[in-house]
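So the chains spell out like this:
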Amino acid sequence: MISSLSGRITQIGESSLVLEISGVGFKVHVPRGVLAEAQSGQTLTLHTYLVVRENELSLYGFPTTEARDTFTLLIGVERVGPKLALAILSALTVGSLRAAVLGSQSAVLGKVPGLGSKTAQKIVLHLADRILPMEGDAPIAAAQPADGDLLDALMALGYSVVEAQAALQSLPADAPADIEERLKIALRYFKKPA
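Residues numbered from 1 in each chain as written. Predicted model: local features only at pLDDT ≥ 70, side-chain atom pairs only at ≥ 80, totals over all residues. Heavy atoms only, no water.

Undergrad: Would you explain the overall build of the protein in this entry?
TA: Within the protein one finds nine helices and five strands. The order of helices and strands in the protein, counted from the N terminus, is β-β-β-α-β-β-α-α-α-α-α-α-α-α. Here the C-alpha radius of gyration of the protein, 18 Å, is about what a compact globule of 194 residues would show, namely 16 Å. For the protein, the spread of C-alpha atoms along the three principal axes comes to 60 × 40 × 30 Å. When burial is assessed residue by residue, the protein has 39% of its 194 residues classed as buried. Relative to all contacts within the protein whose residues are 6 or more apart in sequence, the contacts with residues 24 or more apart total 53%. (Helix = DSSP H or I, 4+ residues; strand = E, 2+ residues; numbered from the N terminus. Rg over C-alpha atoms; globule rule 2.2 N^0.38 Å. Buried < 20%, exposed > 50% of the residue type's maximum accessible area, 1.4 Å probe, protein only. Contact = heavy atoms within 4.5 Å.)

Undergrad: I would appreciate a short explanation of the packing of aromatic side chains in the present structure.
TA: Aromatic ring pairs are described here by two measures, namely the spacing of the ring centres and the angle between the planes. All told, the structure shown has five aromatic pairs when counted by the stated rule. Pairing Tyr159 with Phe190 gives two aromatic rings, centres 3.7 Å apart and planes at 10°, and the pair type is stacked. Within this pair, whereas Tyr159 is found in the loop between helix 7 (147-156) and helix 8 (161-169), its partner Phe190 is found in the segment after helix 9 (179-188), the two being separated by 31 residues in sequence. By relative accessible area, which is 25% here, Tyr159 ends up partly exposed. For Phe190, a relative accessible area of 24% puts it in the partly exposed group. Through successive ring pairs, a cluster of aromatic residues spans Tyr49, Tyr60, Phe62 and Phe71. (Phe/Tyr/Trp six-rings, centres within 6.5 Å; stacked < 30°, edge-to-face > 60°.)

In structure tokens:
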């Protein structure tokens, strides 16, 4: 298996890039975050996973081994193929995904384009005992029933799934249950000095 690649970027596509290594160009599908930072001519190292299909070999690349391992866990879930797993890792950071799984917050995953609520629930159930909290992770607060609505409200205000989830996680454990009050507190997260 091809575990990692390091080479010069020669092409950047919508969901992939081409790494040239010793005159050979490898097409590697990568999360949007990698594409956003990629520049033609730049040298890049990716941790890769090779997907072997009957009529196709596809490489998927990630900036960290943790992201690659999370991708591997995701494609082990029924109805989650490599493209959907890549979409999940494009919309959510590994930390946000881990927090959603550990907090049993399938609504966070349900906001990923192309991912339905039933598949989101399957992912949370499948990964619940496979993903462990990492040192430095924020404690997972108990989800309020209206947190899905709060997430929707933040996204309607223009925040991404990742930003909305981060604001949700910043809520103190003793935050009121009223959604309007929770929204006010969550919005303070974005006013913090950089």
